[in-house]
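So you can see what is in the structure, the chains are spelled out below.
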Amino acid sequence: MTNQDSSTTPRRSLIIANWKLNGGIDLMCNSIASLVGKEFDTDIAVCPPYIYIRDMLSLLHHSEVKIGSQNVSKFESGAYTGETSAEMLKKVGCSLCLIGHSERRQMFRENNISCNIKVKNALTHGLIPVLCIGENLEEKDAGITKDIIFRQLDEGLNAIDTTTGELCVAYEPIWAIGTGKSAVPDEAQSVHKFIRECITEKFGNDFAQRTRILYGGSVSRENACELLDKADIDGLLVGGASLDPAHFLQICTQCELK
Ligand SMILES: O=C[C@H](O)COP(=O)(O)O
């Protein structure tokens, strides 16, 4: 499945499972097993907790499913207890990393500046950074969603190298995460369009058309296709629904059928 601007190469959809701090090794093995051996029209990636990354990679064999991390250090190396660098993640076999998920911004004091360093580190080491952005309910109600998004992009993507590598942005309205209240597709599309306009203004049309913009926030098999139908929604970042292997597979398969 692809989205496209008539003047550029189509964007292949990307569906990412973010398992957060959930599940145990058994659930994770079952989830990966349900994806291995299948062919998808979309790119599929799974982000397990760090400690399970190697296990998941070893189960993938020659599958096209990619593994990503849920975070990455802003440091390259040194005395930073508990951190994991972009270089380490790349060397172990990760393809992408989530950066600035709202849970990390809210609970671990991440901000646009630290996210910017992480995005640059990821690009330097050949990981695809998935920069997560989005407004909270108060900001939505105050009508300042686009101001928040603009700032997160402007600071989070400041001076990145767009000549090599790939960037993804995940729009995750905080009020939609884990609440069962997804943004309605038209509402999400309008923000995604704005995100692409911001990236166009900052880096030019070519790069903006190559950048995949994912939606996250209460995605399920019920709303996945309708969201992916929108012109600027190039993929999904799935939390809760990805913990049920059959449910996640249905999301991936439905998209394949469209
Ligand atoms: O990274 C995933 C998002 O936080 C969405 O989570 P959710 O699908 O449980 O709402």
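Quantities reported herein were computed from a predicted structural model and do not represent experimental measurements.

**Things to note about the environment of D154**
Argument step 1. With respect to the helices, strands and loops of the structure, D154 is situated in helix α7 (residues 145-156).
Argument step 2. Counting along the chain gives 48 residues from D154 to K202, while the straight-line C-alpha distance between them is 7.9 Å.

**Quick notes on the packing of α7 against helix α8 (residues 185-203)**
Argument step 1. Direction vectors running N to C along α7 and α8 enclose 40 degrees, while the axes themselves pass 10 Å from each other. It follows that α7 is oblique to α8 by the angle criterion. Read as a crossing pair, α7 and α8 show a hand that is right-handed. Facing α7, whose interface residues are T145, K146, I149, F150, L153 and D154, α8 presents S190, V191, F194, I195, C198 and K202.
Argument step 2. For the contact of α7 with α8, the class distribution of residues is seven nonpolar, two polar and three charged.

**Brief notes about the UniProt feature "binding site: substrate" (unreviewed entry) in the chain**
Argument step 1. UniProt's feature table lists "binding site: substrate" (unreviewed entry) at N18, W19, K20, G178, S218, G239 and G240, given in the numbering used throughout. A maximum C-alpha distance of 14.1 Å is found for the annotated residues, which run over 223 residues; spatially they form one tight group.
Argument step 2. Within the element layout of this structure, W19 appears in the loop between β3 (14-18) and α1 (25-35).
Argument step 3. For W19, the residues in contact, after removing those within four places along its chain, are M28, S31, I32, V46, C47, P48, M56, Q70, S242 and L243.
Argument step 4. Position of G178 relative to the elements: it lies in the loop between β8 (168-171) and α8.

**Digging into the UniProt feature "active site" (unreviewed entry) in the chain**
Argument step 1. As recorded in UniProt, the sites labelled "active site" (unreviewed entry) are H101 and E172. These annotated residues cover 72 residues of sequence, but their C-alpha atoms sit close together, with the largest distance between any two at 8.3 Å.
Argument step 2. On the secondary structure map, H101 appears in the loop between β6 (96-99) and α4 (102-107).
Argument step 3. Not counting residues up to four positions away in its chain, the partners in contact with H101 are N18, K20, C132, E172 and I177.
Argument step 4. Tracing the chain through its elements places E172 in the loop between β8 and α8.
Argument step 5. Excluding residues within four positions of it along the chain, E172 makes contact with H101, I133, G134, I177, G216, G217 and L237.

**Brief notes about the pairing of strand β7 (residues 128-133)**
Argument step 1. Across the six residues that make up β7, a large majority, six, are buried.
Argument step 2. Of the two faces of β7, the one lined by I128, V130 and C132 and the one lined by P129, L131 and I133 are each fully buried.
Argument step 3. In terms of strand pairing, β7 meets β8 through four bridges, oriented parallel. Along β8, the bridge assignment pairs L131 with V169.

**Some details on the pattern of salt bridges**
Argument step 1. The final tally for this structure, using the stated rule, is 16 salt bridges.
Argument step 2. A salt bridge links D43 to R212; the nearest nitrogen and oxygen atoms lie 2.8 Å apart. In this pair, D43 is assigned in strand β4 (residues 43-47) and R212 in strand β9 (residues 212-216), connecting sequence segments 169 residues apart.
Argument step 3. A relative accessible area of 9% places R212 in the buried class.
Argument step 4. In this structure, a network of salt bridges that share partners links the residues R11, R196, D232 and D234.

**Quick word on the packing of aromatic side chains**
Argument step 1. All chains considered together, the criterion is met by three aromatic pairs.
Argument step 2. Centre to centre, the rings of F203 and F207 are 5.5 Å apart; their planes meet at 70 degrees, and the pair counts as edge-to-face.
Argument step 3. In this structure, K140 is placed above the aromatic ring of W175, and the distance from its NZ or CZ to the ring centre is 4.5 Å.

**Notes on the pairing of strand β5 (residues 66-69)**
Argument step 1. Bridging between β4 and β5 involves two bridges; their strand directions are parallel. Residue A45 lies in a different strand from β5, and its bridge partner there is K66.
Argument step 2. After leaving β4, the chain enters helix α2 (residues 53-60) and then returns to the sheet as β5, a path that is right-handed.
Argument step 3. For the handedness criterion, the β-α-β arrangement of β5, helix α3 (residues 86-92) and β6 is classed as right-handed.

The rules behind the values
Residues numbered from 1 in each chain as written. Predicted model: local features only at pLDDT ≥ 70, side-chain atom pairs only at ≥ 80, totals over all residues. Heavy atoms only, no water. Helix = DSSP H or I, 4+ residues; strand = E, 2+ residues; numbered from the N terminus. Axes fitted to C-alpha atoms, helices over the stretch in contact; angles between N-to-C directions. Parallel < 35°, antiparallel > 145°, perpendicular 65-115°, else oblique. Left-handed = near helix turned anticlockwise from the far one by under 90°. Contact = heavy atoms within 4.5 Å. Nonpolar A, V, L, I, M, F, W, Y, C, P; charged D, E, K, R; others polar. UniProt positions renumbered as here; feature names shortened; annotations may be inferred. Buried < 20%, exposed > 50% of the residue type's maximum accessible area, 1.4 Å probe, protein only. Pairing = 2+ DSSP bridges. Salt bridge = Lys/Arg side-chain N within 4 Å of Asp/Glu carboxyl O. Phe/Tyr/Trp six-rings, centres within 6.5 Å; stacked < 30°, edge-to-face > 60°. Lys NZ or Arg CZ within 6 Å of the ring centre and 35° of its normal. Right-handed = clockwise from strand over helix to strand, strands pointing away.

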